[in-house]
Amino acid sequence: NTYLPAPSRFIFPRLASGQWRDHRKLNPLLIRSSFPSSSIETKQGWEDRASVDQAYSFDIVGLAQTAAATRNPGSQGGRALESALDVNPSPGKHWWAPIRNSVLEAVGVLRGESGVLHADGKIVVTYVVSQNRDLALEYDVHYKLSEKLRKLERDYDWEVNVVVTAKMSTYEQIQLAARSTIVLGIHSRFFSLLPYMVPNHSSTVIEFFMPGYFSSRYQVPAQAFGIEHYGIWNNTYFRSASPDRPPTRELPKLEMERMDLDVDMIIELIEERLLEPEKVSSMPVMSFLEEEEEDVKDEKEGGGIRDLPLLKGEKGVLGKGGKGVPGQGGRAG
């Protein structure tokens, strides 16, 4: 948990009442579950304050403006989120955990007797299907990928989900994201839920792009939340956090474009991430005791936020039974 107090209020001075709510209701879910005592003020309340001839004093104020954030040097892709996550000094590895835990509890993800989020230790691979969208895989590629993933399920006793998110509620999608070890699919809205994945040393997002195009929309939060992100260009993959990743180039609006993909390469990458991490990683596994001592040290040095890891494997290390560590990635062609 964090020692910082919850905010007393959120002020949206340019939004009318109700405009801060999104149609998927993710904003209300996050704020109401994580900060149930915080009030929300909108344009009308701000104008009321301005009409009173007096000054207001707040102990702590956090200011955020999208236009200013996109001009921050930390926003290399021109996205406000990149600037917001470019915090120095870093708040620590687990700064997001208290908020994520609150949201996951609200949508029905259970906690075990120890108080940490429940996980049965099973590897879960989720393929997000996008066959009815303007950008989709070739039908034979989609079929082959689905069949190859099912074979992984049979061979390794993993859980594989091939899902059409349009048929799922928002709560069901968040629950699935929280349980998933690897999420893969074409750049889509489901990836906006990756902040609710419970990260371990094998957590991975594999995002398919049209060759020549790349978006950091989901790569940036993945990196901030401790999740490896790989981009796929047909028969080439790249680790998005590496300095030589492609520059951001947004895909223009398409009409019924079908995309090819090297399915065997995707399956090999998944197996390397889950079975042979030494091929894609040089990062050592850190024990829970080391995590806690490091966070306490960060706290004393002014880190500000301290939270214990969420998952404990059979051998007492971060992850599921100590399997998998983050990858260095590379290219395959």
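Refer to the structure above for everything that follows.
Residues numbered from 1 in each chain as written. Predicted model: local features only at pLDDT ≥ 70, side-chain atom pairs only at ≥ 80, totals over all residues. Heavy atoms only, no water.

## Let's talk about the pairing of strand β7 (residues 204-208)
Then, number 1: Most of β7 is tucked away: five of the five residues are buried.
Then, number 2: Burial along β7 is two-sided: Thr-204, Ile-206 and Phe-208 and Val-205 and Glu-207, pointing in opposite directions, are all buried.
Then, number 3: In the sheet, β7 pairs with strand β8 (residues 228-233) via five bridges, with the strands oriented parallel. Among the inter-strand pairings, Glu-207 is bridged to a residue of β8, identified as Gly-231.
Then, number 4: Handedness of the crossover is the feature at issue here: the chain leaves β7, passes through helix α8 (residues 219-224), returns alongside β8, and the resulting connection is right-handed. (Buried < 20%, exposed > 50% of the residue type's maximum accessible area, 1.4 Å probe, protein only. Helix = DSSP H or I, 4+ residues; strand = E, 2+ residues; numbered from the N terminus. Pairing = 2+ DSSP bridges. Right-handed = clockwise from strand over helix to strand, strands pointing away.)

## Side note on the nonpolar core
Then, number 1: In terms of nonpolar packing, the biggest core is built from 31 residues, with Leu-145, Leu-184, Phe-208, Ile-266 and Ile-270 touching the most fellow members.
Then, number 2: At the level of secondary structure, the elements contributing two or more residues to this core comprise β3 (124-128), β4 (135-137), α6 (139-156), β6 (182-186), β7, β8 and α9 (263-274).
Then, number 3: At seven residues, α9 tops the list of elements feeding residues into this core.
Then, number 4: Among residues more than four places away in sequence, those in contact with Ile-266 are Leu-145, Leu-184, Ile-206, Phe-208, Ile-232 and Leu-261.
Then, number 5: Counting residues in each nonpolar core, the second largest holds 29 residues, with Val-103, Leu-104, Val-163 and Val-198 among its members. (Core = buried A, V, L, I, M, F, W, Y, C linked by side-chain atoms within 4.5 Å. Contact = heavy atoms within 4.5 Å.)

## Let's talk about helix α7 (residues 170-179)
Residues lying three or four places apart along an α-helix face the same way, a consequence of the helix completing one turn every 3.6 residues.
Then, number 1: Those residues of α7 that sit buried are Gln-173, Ile-174, Leu-176, Ala-177 and Ala-178.
Then, number 2: Against α1 (26-34), α5 (97-106), β3 and β5 (159-163) lie the buried residues of α7.

## Some remarks on the packing of aromatic side chains
Then, number 1: Applying the stated rule across the entire model yields 10 aromatic pairs.
Then, number 2: On the numbers, 5.6 Å between centres and 65° between planes, the contact of Phe-214 with Phe-238 is edge-to-face. In this pair, Phe-214 is assigned in the loop between β7 and α8 and Phe-238 in strand β9 (residues 236-239), connecting sequence segments 24 residues apart.
Then, number 3: Classification of Phe-238 by relative accessible area gives buried; the value is 2%.
Then, number 4: By the ring-pair criterion, three or more aromatic residues cluster together here, those being Phe-209, Phe-214, Trp-233 and Phe-238.
Then, number 5: Above the face of the Tyr-56 ring, Arg-49 is positioned so that its terminal group lies 4.9 Å from the ring centre. (Phe/Tyr/Trp six-rings, centres within 6.5 Å; stacked < 30°, edge-to-face > 60°. Lys NZ or Arg CZ within 6 Å of the ring centre and 35° of its normal.)

## As for the packing of α6 against α9
Then, number 1: Running from N to C, α6 and α9 point in directions that differ by 30°, and their axes come no closer than 10 Å. As the angle between them shows, α6 and α9 are arranged roughly parallel. Every pair of crossing elements has a handedness; the one defined by α6 and α9 is right-handed. The segment α6 lies against α9, with Val-141, Lys-144, Leu-145, Lys-148, Leu-149, Leu-152 and Tyr-156 engaging Val-263, Asp-264, Ile-266, Ile-267, Ile-270 and Glu-271.
Then, number 2: Taken together, the residues that form the contact of α6 with α9 break down as nine nonpolar, no polar and four charged. (Axes fitted to C-alpha atoms, helices over the stretch in contact; angles between N-to-C directions. Parallel < 35°, antiparallel > 145°, perpendicular 65-115°, else oblique. Left-handed = near helix turned anticlockwise from the far one by under 90°. Nonpolar A, V, L, I, M, F, W, Y, C, P; charged D, E, K, R; others polar.)

## Thoughts on the pairing of β3
Then, number 1: For β3, the buried fraction is high: five of the five residues fall into the buried class.
Then, number 2: Residues Val-124, Thr-126 and Val-128 of β3 are buried on one face, and the alternating residues Val-125 and Tyr-127, pointing to the opposite face, are buried as well.
Then, number 3: Looking at chain direction, β3 and β5 are connected through five bridges and run parallel. Bridge pairing links Val-128 to Val-163 in β5.

## Focus: the sheet that holds β6
Then, number 1: Here we have six strands laid out as an open sheet, ordered β5-β3-β6-β7-β8-β9, and mixed in their pairing. A single partner strand is all that each edge strand has here, and the edge strands are β5 and β9. Ignoring strand direction, the axes of neighbouring strands in this sheet form an average angle of 15°.

## Examining the pattern of salt bridges
Then, number 1: One pass over the structure, following the stated rule, counts nine salt bridges.
Then, number 2: Close ionic contact of Arg-239 with Glu-228 constitutes a salt bridge, the shortest N to O distance being 2.8 Å. Here the residue Arg-239 occupies a position in strand β9, and Glu-228 occupies one in strand β8, the gap between them amounting to 11 residues. Glu-228 shares its class with Arg-239; the two are buried.
Then, number 3: Each of Arg-9, Glu-41 and Arg-49 takes part in a single network of salt bridges with overlapping partners. (Salt bridge = Lys/Arg side-chain N within 4 Å of Asp/Glu carboxyl O.)

## Quick word on the packing of α1 against α5
What describes two packed helices is the angle between their axes and the distance between those same axes.
Then, number 1: As a packed pair, α1 and α5 sit with axes 8 Å apart at the nearest point and diverge in direction by 105°. As far as their axial angle goes, α5 and α1 are roughly perpendicular. On α5, the residues that touch Leu-29, Leu-30, Ser-33 and Ser-34 of α1 are Ile-99, Ser-102, Val-103 and Ala-106.
Then, number 2: A class-by-class count of the residues in the contact of α1 with α5 yields five nonpolar, three polar and no charged.

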